[in-house]
Amino acid sequence: MHNLTLLSDVERNRIELDKQAAYAVWQVKQAKVGYEVFAEIANKIDDDDEREFFEQAVMKYKQQMGL
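Rules behind the numbers
- Residues numbered from 1 in each chain as written.
- Predicted model: local features only at pLDDT ≥ 70, side-chain atom pairs only at ≥ 80, totals over all residues.
- Heavy atoms only, no water.
- Salt bridge = Lys/Arg side-chain N within 4 Å of Asp/Glu carboxyl O.
- Helix = DSSP H or I, 4+ residues; strand = E, 2+ residues; numbered from the N terminus.
- Buried < 20%, exposed > 50% of the residue type's maximum accessible area, 1.4 Å probe, protein only.
- Phe/Tyr/Trp six-rings, centres within 6.5 Å; stacked < 30°, edge-to-face > 60°.

Engineer: What exactly am I supposed to notice about the pattern of salt bridges here?
Structural biologist: Oppositely charged side chains can form a pair if their charged atoms are brought close together. For the coordinates displayed, the defined rule picks out four salt bridges. In this structure, Arg12 and Asp9 form a salt bridge, with 2.4 Å as the shortest nitrogen-oxygen distance. Of the two residues, Arg12 and Asp9 are both situated in helix α1 (residues 9-29); the distance of three residues between them amounts to about one turn of the helix. The class of Arg12 is partly exposed, set by a relative accessible area of 33%. Relative accessible area serves as the criterion here: at 57%, Asp9 is assigned to the exposed category. Residues Asp48 and Arg51 are paired through a salt bridge, measuring 2.8 Å at the closest nitrogen-oxygen approach. Here Asp48 pairs with Arg51, and both are found in helix α3 (residues 48-65), just three residues apart, close to one helical turn.

So, in structure tokens, the structure goes:
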């Protein structure tokens, strides 16, 4: 088991962005929200590196979930 409190702020934030990406893709796949959710979340991310990480995570989960 891993203790998330031992991770740096950057690593914890990336885990959160990855979770948000997975959840957003799941919501689109379940037809609970539209594709615009990806842009809405990405537009709220100020840091360019974090935004790119989120977008890559979205692509990863789209592929995994067959979206």
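Engineer: I keep staring at the packing of aromatic side chains and nothing clicks. Help me out?
Structural biologist: Taken as a whole and judged by the stated rule, the model has two aromatic pairs. When the centroid spacing of 5.9 Å and the interplanar angle of 15° are considered together, the rings of Tyr23 and Trp26 count as stacked. Within this pair, Tyr23 and its partner Trp26 are both found in helix α1, separated by three residues, close to a single helical turn. The partly exposed category is assigned to Tyr23, whose relative accessible area is 47%. The exposure class of Trp26 is partly exposed, given its relative accessible area of 34%. A ring pair is formed by Tyr35 and Phe38, whose centres lie 6.0 Å apart and whose planes are at 65°; its orientation type is edge-to-face. Exposure remark for Tyr35: the relative accessible area of 49% places this residue in the partly exposed category.

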